[in-house]
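Notes for the structure review
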Amino acid sequence: MLWDGVPEPRRQGKPGQINYFCERPYQTKARLAIEEGFKDHNSVLVELATGLGKTEIFTQVAKDWSAGRCLVIAPYIQLIGQAAKKIYIRTGEQPGIEQGRNWSVETPWGRSKYVVASKDSLVSGDPPRYERIRDVGLVVVDEAHLSITPKWKELLDYYRADGAKVLGVTATAKRHDQRAMLNCYEECVYQYGIKDAVAEGWLTPAVTHCVQLESLDLSSVETSNTVHGRDFRQTQLNALLEKSETIMEIADITAKETKGEKTVVYCSSIEEAKLVAERLVDNYGIKADWIASDPIRCTPRHREETMRSFQEDVNGITHVCNVGILTTGWDYPDLRNIVMARPTRSRALYTQIFGRGTRPLPGVVDFDGSDPASRREAIANSQKSNFRMIDLVDSSLAHKIVTSADVMSGDLGFDVVQRAKENILDAPGAVDLDEAMLEAKRQIREQREAEERKQRKQIEADAKYHTLNIDPFGKNAQGSVVKKKRGAYMTFGKFRGTHVTDVPDWYLKSCLQGKPFIAQAWLRNSIQKEVKRRGI
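Residues numbered from 1 in each chain as written. Predicted model: local features only at pLDDT ≥ 70, side-chain atom pairs only at ≥ 80, totals over all residues. Heavy atoms only, no water.

**Brief notes about the overall build of the protein**
A count of helices and strands for the protein gives 17 helices and 18 strands. Of all 536 residues assigned to the protein, the portion counted as buried reaches 51%. For the protein, the proportion of contacts with a sequence separation of at least 24, taken over those separated by at least 6, is 73%. (Helix = DSSP H or I, 4+ residues; strand = E, 2+ residues; numbered from the N terminus. Buried < 20%, exposed > 50% of the residue type's maximum accessible area, 1.4 Å probe, protein only. Contact = heavy atoms within 4.5 Å.)

**Considering the state of the cysteines**
Counted under the stated rule, the structure contains 0 disulfides. In this structure C321 is not part of a disulfide, and its nearest cysteine sulfur, from C267, lies 4.9 Å away. (Disulfide = S-S within 2.5 Å.)

**A short note on the packing of aromatic side chains**
Taken as a whole and assessed by the stated rule, the structure comprises 11 aromatic pairs. Connected via pairs of aromatic rings, a cluster forms that spans Y26, Y192 and W202. Over the ring of F310 we find K262, and its NZ or CZ is 4.9 Å from the ring centre. Over the face of the ring belonging to W202 we find R375, whose NZ or CZ atom lies 3.7 Å from the ring centre. (Phe/Tyr/Trp six-rings, centres within 6.5 Å; stacked < 30°, edge-to-face > 60°. Lys NZ or Arg CZ within 6 Å of the ring centre and 35° of its normal.)

**Notes on the sheet that holds strand β1 (residues 43–48)**
Pairing in this open sheet of 7 strands is parallel, and the strands run β3-β4-β2-β5-β6-β1-β7 from one edge to the other. Single-partner strands in this sheet number two, and they are β3 (96–98) and β7 (187–192). Mean inter-strand twist for the sheet, computed between neighbouring axes without regard to direction, equals 20 degrees. Taken together, the 3 bridges between β3 and strand β4 (residues 114–118) define a ladder with parallel strand orientation. Residue pairing across strands places E98 opposite A117, the latter belonging to β4. Seen against the sheet, helix α5 (residues 150–161) touches β1, β2 (69–74), β5 (136–142) and β6 (165–170) and runs at an angle of roughly 155 degrees to β5. (Pairing = 2+ DSSP bridges. Axes fitted to C-alpha atoms, helices over the stretch in contact; angles between N-to-C directions.)

**Details of the environment of V364**
Within the secondary structure layout, V364 lies in the loop between α11 (347–354) and α12 (372–380). The exposure class of V364 is buried, given its relative accessible area of 17%. For V364 and N381, which are 17 residues apart along the polypeptide, the C-alpha to C-alpha distance reads 9.3 Å. If we skip the residues at most four places from it in the chain, V364 touches A378, I379 and S382.

**Looking at the confidence of the model for the protein**
This prediction gives the protein a mean pLDDT of 81; 79% of its residues lie at or above 70. Contacts for the low-pLDDT stretch residues 1–20, under 50 throughout, to residues beyond four places or in other chains number 51 contacts. (pLDDT = per-residue confidence, 0-100.)

**A look at the side chain of S268**
Note on placement: S268 falls in the loop between β11 (263–266) and α9 (270–284). A polar side-chain atom of S268 sits 2.6 Å from a polar atom in the side chain of Q234. S268 has contacts with Q234, L237, N238, L241, V323, A341 and R342, leaving out every residue within four places of it along the chain. (Polar contact = N/O pair within 3.5 Å; in protein donor to acceptor, adjacent residues only side chain to side chain.)

**Observations regarding the side chain of R69**
Its location among the elements puts R69 in strand β2. At 3.0 Å, the side chain of R69 forms a polar contact with the backbone oxygen of R134. When near neighbours in sequence (up to four residues on either side) are disregarded, R69 contacts V105, E106, R111, S112, K113, V115, I133, R134, D135, V136, G137 and L138.

**Here's the deal with helix α10 (residues 300–312)**
Across its 13 residues, α10 extends 17 Å between first and last C-alpha, which sits within 8% of the 18 Å expected from 1.5 Å per residue. When we look at burial in α10, the residues that qualify are T306, M307, S309 and F310. Buried residues in α10, looked at end-on, bunch into an arc of 155 degrees, giving them a common side. In α10, the exposed positions that point more than 90 degrees away from the buried face belong to R301 and E312. On the buried face of α10, the contacting elements are β11, β12 (288–292) and β13 (319–323). (Expected span 1.5 Å × (residues − 1). Arc of directions from axis to C-beta.)

**A closer look at unusual backbone geometry**
That bond from D126 to P127 is cis: its omega, 5 degrees, falls within 30 degrees of zero. At D135, a residue that is not glycine, the phi angle is positive and equals roughly 60 degrees. Relative accessible area serves as the criterion here: at 44%, D135 is assigned to the partly exposed category. Despite not being glycine, E143 has its phi angle at roughly 55 degrees, a positive value. Structurally, E143 can be placed in the loop between β5 and α5.

**Looking at the packing of helix α1 (residues 25–40) against helix α2 (residues 54–64)**
Their axes nearest at 10 Å, the elements α1 and α2 cross at an angle of 45 degrees. Comparing the axis directions of α1 and α2 gives the class oblique. Crossing hand, α1 versus α2: right-handed. Touching Q27, A30, R31 and I34 of α1 are E56, I57, Q60, V61 and D64, all from α2. Considering only residue class, the contact of α1 with α2 consists of 4 nonpolar, 2 polar and 3 charged. (Parallel < 35°, antiparallel > 145°, perpendicular 65-115°, else oblique. Left-handed = near helix turned anticlockwise from the far one by under 90°. Nonpolar A, V, L, I, M, F, W, Y, C, P; charged D, E, K, R; others polar.)

**Thoughts on the environment of E214**
Note on placement: E214 falls in the loop between β8 (206–213) and β9 (223–226). Each residue touching E214, except ones within four places of it in the same chain, is listed here: E249 and S395.

**As for the pattern of salt bridges**
Counted by the stated rule, this structure contains 22 salt bridges. Between E305 and R301 there is a salt bridge, with its nearest N and O atoms 3.0 Å apart. Of the two residues, E305 and R301 both sit in helix α10, 4 residues apart, roughly one turn of that helix. Linking E530 and R533 is a salt bridge whose minimum nitrogen-to-oxygen distance equals 2.5 Å. Taken as a pair, E530 and R533 lie in helix α17 (residues 521–534) at a separation of 3 residues, close to a single helical turn. (Salt bridge = Lys/Arg side-chain N within 4 Å of Asp/Glu carboxyl O.)

**Digging into the pairing of strand β15 (residues 387–394)**
With 8 of 8 residues buried, β15 is to be regarded as a mostly interior element. Both faces of β15 are covered, namely the face carrying F387, M389, D391 and V393 and the face carrying R388, I390, L392 and D394. One ladder, built from 8 bridges, connects β8 with β15; its direction is parallel. Paired with V207 across the bridge in β15 is R388. By the bridge criterion, 4 bridges tie strand β14 (residues 337–340) to β15 in an arrangement that is parallel. Looking at β15, one finds that N337 is bridged to R388.

Structure (structure tokens):
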């Protein structure tokens, strides 16, 4: 079976008690937002950071659903098992499984109200397998950011045409390639991200250490489309990361920063993972091994034995070098370090990996009377007060690699994030992300204030006063002082020092179009007023 069906209640209540559920406040808000969203839409999306209980939310929605059966679709086998087990715990009813050689019972006398299915299995066959699962009133799509292919749209349209509602849940609604989630979902009704969850004490904060690999230069690597959006071309990236000099750097940094602590090294290729693991063992005496999603080169037995040693044996493996696995669907709160030895341009992929470290230890934040301050204090006093994200970046810095600063930036501007990245890179050791962001914001503010002050000073220096010399003793002397025109003067460009009212129409229009860019709000307002006055 894909799951063992053993109930695991979350907090209070009797051991093994069926249907026990204690919602956190944001989970209640998300569930209510879903209910409201379905009043006006046939398909809605919810975005919750990893570790906040997306499965808890959609299984409760499914339990309360009365208008037909519920079909839960997951992209990976681990998520199928998790969802099936959670549905059983919540409802007491065993769901049908539609995955590979598992076929859900669809006879009228034997079928379950709930079916948990693999996305690949559902769209396979001719006709596709999803047509055999009927009377569905609610479709839940786990990891919804992956469900934007034409086949997926056909699947969802098939159920929507029969009156079903569609709920998508994901930790990363925004994709790097900007492909619209609205192809499948009409509205995102609730969002709760990592930054807010850390601030409110539901997730563990991160410290980050950004290290340049002197032997790695990605400036010539091309990009291509992937399931996570546009990212580095895999073959070119692998060739660079597998160089012996780069392998030595990755292993050396990992050993120095993480020795003795539970650590996952995220690699780009199997060869990179094997070589890094070997060097950790041979040169540093670290108990390390590698795993990969490829079932031929990494057998399921090897993967299971490696992970059992890593997660369950106190004297077992401390470091796992991993390729294409241990992202979505893997929960291990004891993880202390993540080494990002797989540079990426995909924020969705990076966020999934980052989220592996944010879970607090079990029982730390769920207690009666908790509030943000008490939860943060509980995390700070726990054995996992934070986790460390080690970002390995290349020497060129000539491209937009995603790092932990991007994930934790919230609504901060691009310039603040870039400054934070630079500060983290220059720091001698690990840096608290919140502090790095606040410092970057302060630096940007002071820089802008200094620039504006300099520009104001230049405007004053360029003010045009024209005088005529006058003989004060001349009885009939003629002369006057030409006073400076009141109003705004141009501070840049071809007409610098010229009063706005004297600047030609074409130049004023180009300024408002952003060519050149106007930094000062007061000057932009004056130009807008002048353009309006002239009617151009």
